[in-house]
Structure formats: structure tokens, C-alpha cells
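Spelled out, the chains give:
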Amino acid sequence: MGRIYLDNNATTPVRPEVAEALAGMLKGCYGNPSTLYCIGQEAHVEMEHARDVMAGILGCNREEVIFTSGGTESDNIAVLGVARANRKKGNHIITTKIEHHAVLNPCKALEKEGFSVTYLPVDKYGMVDPADVERSITSGTVLISIMHANNEVGTIQPIAEIGKMARAHKITFHTDAVQSFGKLSVNVNELGVDLLSASSHKIYGPKGVGLLYVRKGTKILPIMFGGHQERSLRPGTENVPGVVGFGKAAELMAAEGPAEEARLLKLRERLWEGIKANVPHVKLNGHPTMRLAGTLNVIFEYVEGESIILSLDEHGICAASGSACTSDALEPSHVLAAMGVPPEKSHGALRMSFGRENTEQDVDKVLEALPKVVEKLRSFSPIYKDFLKQQQTA
Ligand SMILES: *Cc1c(COP(=O)(O)O)cnc(C)c1O
């Protein structure tokens, strides 16, 4: 039985073309790109081709693209690096309550260094209000970091609007675009950002490689020290095969364009319509329209998301609870909490995220299994029994 993988926001399978590009590099191109002889230069050329692809997608210069070990490292360099470089100018940072932990935890670390951080609220759809951003700006604000699209619920933030505001106030603006890179337009000038993070393994590339766009002239310090690679902002011999694989993955995403997003949107809506028609007591999380095409986050009341995941796994279906990063801690999702979902409800959240390997048949198989799974789990649930009793007496 083929497995149905519905957790593409956590990671994606490596595309065959990318695997081939990677294997080619591992087998035939071992040079250190910093060396001058031909095998080093071969590696250098391959890596610079990937940099050109990224610069094309971002609408920036190739020198503004820094390769890193992934989204987490890019976020850390952006947040820690900009804050520390501007310490004399001010100690205030603005971010949101719904960021990935790769942004939230560096902010927490900076609070210990004496920075003050404003964590902006979101509305019930997970959307930040640009007016809140503007109101939070002080004369000491040195960085605004707001994600482009949320990994748990898929809500897309008004980045361009916030970007204009940041520019008017001359404040450095970073966006974590790990979930949107390759899917939405991430032109850095249209978005008005000075820094942007992306990661390879969310777009069918290998794990452990990412990029940070850094606008020319941005004041930033490295967080690691070593050689001169990546403009000394990310020292250490580059992950050349990884970078080449990432470049190939990005190139293929760009070539597919919006057609693939439209296909994913159809799959997602087919699943949501089917769930609504066949399972009572469900609620959609995330924005109705300003949302990643492939993301469907649903609360199944009176059941635990974790129990649904384990039962679906028996049917060969992989999905996630609140978020992959919090699914081994039984804490309620910080994103759903910020959206005003009470903890007893957010425990019933299930995230299903689509990718290029998913088909309509996958959706129909999920729609066969899911209603039965939820009904069975509810039949064991004391809270559901209480709910039914209340309904009878009401
Ligand atoms: C996955 C993810 C990250 C972390 O990227 P890694 O490459 O896994 O370190 C950061 N931000 C968001 C929004 C993500 O979805």
C-alpha cells in the first residue's frame, strides 16, 4: 500500500531531478570552492549557478544571497546579527507571537542580552495588523521580523505593507519566507524586506541547506567566526552538493509557477469540503483566502490531534498535529493560542499539508478513513459523551 504523505509543511520528499543533481556532485565534484585550481573552480561554478537562480527568484544581486545550513540558521543570523550590529542605535525588536521557534528563540536569547522584544498579537485568522506594527515602533527599534506565511495554519501576512512602513521609519525588516519561497512571489523589492530566510527541504530539496538574503548595506554581524566564505557572514566550507540540490529544487519550483499552487488549492478544498460534509464539530484554522494553497489545519472537537495521527498512520496516512516542532511536546500550539483558540480545543488540531506527489485519489482515500477514525475516537471520549448528554438534556 502506497503511503499518503500529507505533511509537506514539515518537510518534502527530494525530487528525482534534485537527487540526481546531488548525486552528480557527490560522485564527481569534490573540490573546495575557495581553491584556485580547476576542481575547486568547478565546484565554485556549480555553486554560483545556484546563487544566480536564487537571485533571479528574489530579484536581488547574487552577492546578496548567503547560503546557510537551513531556515533555522538563516533566522538566527538575521535576528541575532542585526540586533547585535545595531546595539548602539537601540535595543527594541518587533516580531509576532506566531513566528517559528527559529525566530522566537533567538528573540528570547536577545532578551537575556538586554534587548526588549514586542511580540505582536494576531487576529482569529492568524493575521498581523500593520497598524499594530506601526504603533509598536519606538526610536529604539532596530529590527522588525515577521514571517511571510505561517507553517501551522498557512496564513499569509501583509509583508509588502509592513515593508513600506519599515522603510519609512528606516528600520531593518526581516521575513521568514521558509514556507512561501518557491510558492508565492518573494521579490525582495516588492516585499520591501532587507533580509529573507528560505530553506531547501521545504521545496523538495535536501535537508540542511538554506539561504539568507541580505540587502546590500544592511548592518549585520556574523554569529559564527572562521573563514571568509559567504562574505564572512557564514564562514565554513560551503555545503556544495546541498547548495546545488537547493538550486535545482528552486529552479524547478520557479518553472512550475502558479499552476502547481492552483492544483494544490483544488486538492485542499476537495478535502475540506469532504471533511465538512462527513464529520460534525470541525473548525477551520487560518485565513479563509490569504493562506498557502497546500495548508489545511482543522480542529476536530472532542478528540486529540495526536490520536488522529496515530490512527491515520495505521491507514498509511501521514499528517501532523499543531506543528511538527511541537508535536513531541504535548503543549498546545503557540500559534493557535495566539489566534485565541483555547487549549482544550487546540489539542484537536490536525494539519494536513499538500505537496507535488499528492493526487485526488489521495484526498478520496483520506476522506474514506478520516470520518471513521474521528467517530471511533469520539466514541471512546468521555468529553464527547458529556457533550452528547448535555445535548439530550438541553
Ligand atoms: C521549517 C521552518 C523553519 C526551519 O527551517 P529548517 O531548514 O528546518 O531549519 C523556519 N521557519 C519556518 C516558517 C519553517 O516552516
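It should be emphasised that the depicted structure is a prediction, and the values quoted were computed from it without experimental measurement.

## Digging into helix H2 (residues 38-58)
Here is step 1: The end-to-end C-alpha separation of H2 is 30 Å, in line with the 30 Å expected for 21 residues at 1.5 Å each.
Here is step 2: Among the residues making up H2, those that are buried are Gly40, Ala43, Met47, Glu48, Ala50, Arg51, Val53, Met54, Ala55 and Leu58.
Here is step 3: Each element contacted by the buried residues of H2 is listed here: strand S2 (65-68), helix H7 (188-191), strand S7 (195-199), strand S8 (210-214) and helix H8 (240-256).
Here is step 4: Backbone geometry just downstream of H2 places Gly59 in the positive-phi region, at approximately 70 degrees.

## Structural notes on the site of the ligand
Here is step 1: Looking at the ligand, there are 13 residues lining it, with Thr72, Asp176, Gln179, Ser199 and Lys202 nearest.
Here is step 2: Contacts to the ligand include Ser199, whose side-chain N or O atom sits 2.6 Å from an oxygen atom.
Here is step 3: Between the ligand and His201, the relevant distance is 2.8 Å, taken from an oxygen atom to a side-chain nitrogen or oxygen of the residue.
Here is step 4: Calculation on the ligand without its partners gives an accessible area of 380 Å², and the protein chains cover 88% of this total.
Here is step 5: Top contributing element to the shell around the ligand by residue count: helix H3 (residues 71-85), with 3 residues.
Here is step 6: Residues of the shell around the ligand, tallied by class, amount to 2 nonpolar, 8 polar and 3 charged.

Rules of the game
- Every chain is numbered independently, its residues counted from 1 as its sequence is written.
- For this predicted model, a pLDDT threshold of at least 70 governs which residues receive local features, and a threshold of 80 or more governs which side-chain atom pairs are given and counted, while totals over whole chains, interfaces and linings are taken from all residues.
- The basis for the side-chain values is all heavy atoms of the structure; hydrogens and waters are excluded.
- Segments assigned H or I by DSSP are reported as helices when at least four residues long, segments assigned E as strands when at least two residues long, and all are numbered from the N terminus.
- Here the expected span of a helix is defined as 1.5 Å times the quantity of residues minus one.
- Buried, partly exposed and exposed residues are distinguished by accessible area as a fraction of the type maximum, computed with a 1.4 Å probe on protein chains only: under 20%, between the cut-offs, and over 50%, respectively.
- Between two residues, a contact is recorded if the distance between any of their heavy atoms is within 4.5 Å.
- Here a residue counts as near a molecule or strand whenever at least one of its heavy atoms sits within 4 Å of it.
- Within 3.5 Å is the distance limit for a polar contact, defined as a pair of N or O atoms, with the added protein rule that one can donate a hydrogen and the other accept it, and that residues adjacent in sequence qualify only through two side-chain atoms.
- Accessible surface is estimated by sampling points in the Shrake-Rupley manner with a 1.4 Å probe; for residues, cover comes only from the protein chains shown.
- For this classification, Asp, Glu, Lys and Arg are treated as charged, while Ala, Val, Leu, Ile, Met, Phe, Trp, Tyr, Cys and Pro are nonpolar and the rest, including Gly, are polar.

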